[in-house]
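Reading the structure
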Amino acid sequence: MNKRGYFIHGGDPSGGFAVVAPSLQEARRIVYQAGEIEADWIDIAGWWCRDAKVGDLPIGVVEDLRTGLVRGMYQYLEDFECDACGEIGFVCKYNGQVLCMSCKREKKKEKQNERSNQKSG
Ligand SMILES: [Zn+2]
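Computed from a predicted structure; not experimentally measured. (Residues numbered from 1 in each chain as written. Predicted model: local features only at pLDDT ≥ 70, side-chain atom pairs only at ≥ 80, totals over all residues.)

1. Considerations on the domain arrangement of the protein chain
- Domain boundaries in the protein chain define domain 1 (1-64) and domain 2 (76-107).
- In this structure, domain 1 and domain 2 have C-alpha centres spaced 23 Å apart. (Domains from an automatic or database assignment.)

2. Digging into the nonpolar core
- Membership of the largest hydrophobic core comes to 23 residues, with the highest contact counts inside it found for Tyr6, Phe7, Ile8, Ala18, Val19 and Met73.
- Contributions of two or more residues to this core are made by strand 1 (4-9), strand 2 (17-21), helix 1 (24-34) and strand 7 (97-100).
- Take this core: its biggest share by element is 5 residues, from strand 2.
- The residues that make up this core include at least three from each of domain 1 (1-64) and domain 2 (76-107).
- Not counting the four nearest positions on each side in its chain, Val19 is found in contact with Tyr6, Ile8, Ala27, Ile30, Val31, Val61 and Val62. (Core = buried A, V, L, I, M, F, W, Y, C linked by C-beta atoms within 7 Å. Buried ≥ 20, exposed ≤ 12 C-beta atoms within 10 Å, placed from the backbone. Helix = DSSP H or I, 4+ residues; strand = E, 2+ residues; numbered from the N terminus. Contact = placed C-beta atoms within 7 Å.)

3. Regarding the sheet that holds strand 7
- A sheet is described by the order of its strands in space; here 3 strands give the open sequence 5-6-7, paired in antiparallel fashion. The open sheet has two edge strands with one neighbour each: strand 5 (77-81) and strand 7. Going from strand to strand, the sheet's axes swing by 65 degrees on average, the running direction of each strand aside.
- Of the strand pairs in this sheet, strand 6 (residues 88-94) and strand 7 are connected by 4 bridges, and their pairing is antiparallel. Bridge assignment links Val91 to a residue of strand 7, and that residue is Cys100. (Pairing = 2+ DSSP bridges. Axes fitted to C-alpha atoms, helices over the stretch in contact; angles between N-to-C directions.)

4. Re the pairing of strand 6
- Sheet topology places strand 5 next to strand 6; 3 bridges connect them, and they run antiparallel. Residue pairing for strand 6: Phe80 is matched across the bridge by Gly89.
- Linkage of strand 5 to strand 6, two consecutive antiparallel strands, is achieved through a turn of 6 residues, within which Gly86 is found at a positive phi near 80 degrees.
- Where strand 6 folds back on strand 7, the antiparallel hairpin that results is connected by 2 residues, among which Asn95 adopts a positive phi of roughly 50 degrees.

5. Remarks on the sheet that holds strand 1
- Here 4 strands make up an open sheet; going across it, the order is 3-1-2-4 and the pairing antiparallel. Strands with a single pairing partner mark the edges of an open sheet, and in this sheet they are strand 3 (45-48) and strand 4 (60-61).
- Alignment of strand 2 against strand 4, held across 2 bridges, turns out to be antiparallel. Bridge pairing links Val20 to Gly60 in strand 4.

6. Comments concerning the environment of Leu99
- Mapped onto the fold, Leu99 is located in strand 7.
- A sequence separation of 10 residues divides Leu99 from Lys109, and the C-alpha atoms of the two residues are 14 Å apart.
- Sequence-distant contacts of Leu99, that is, excluding residues within four places in its chain, are made with Cys82, Asp83, Ala84, Val91, Cys92, Tyr94, Lys104 and Lys107.

7. Here's the deal with unusual backbone geometry
- Located in the positive-phi region is Asp79, a residue other than glycine, with phi close to 55 degrees.
- Along the chain, Asp79 falls in strand 5.
- Overall, the presence of 9 C-beta atoms within 10 Å leaves Asp79 in the exposed class.

Now the structure itself:
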C-alpha cells in the first residue's frame, strides 16, 4: 500500500496530528474516527507532507511527536525537549535532530564554517 505522511487538523493548523495514510481522505477519516480532534468532519482538513519519510511506519496517527517532526509531518513542536541542550521550548528538525532555535542557529553556523574551511583548505 502506498504510504504518505499527512498533517491533519480540526480547522486550526497551529495544532494537529501527523498521520500515515494512503490518501488525504483516508488520513482525515483516521483522525475523525480516532476521536482525536473535537471537530466536525467537514472542518477536518490538512495536507500531504511531500517530503515525509513514512514507509516503515504503520497506517494511523503517529503517536510519538518526535517521530512526526523528524519524519517531516510537523514543521515544529512547542514545549518539547531539544536534543542538543535539553531545554524545553520551541523546536524544529535539523539534520535528523530535534533542535531549539538557538541550537539550530549554532549548527547552521558550524556547517557554514565547515564549508568555508573546505573551500579555503
Ligand atoms: Zn537547544
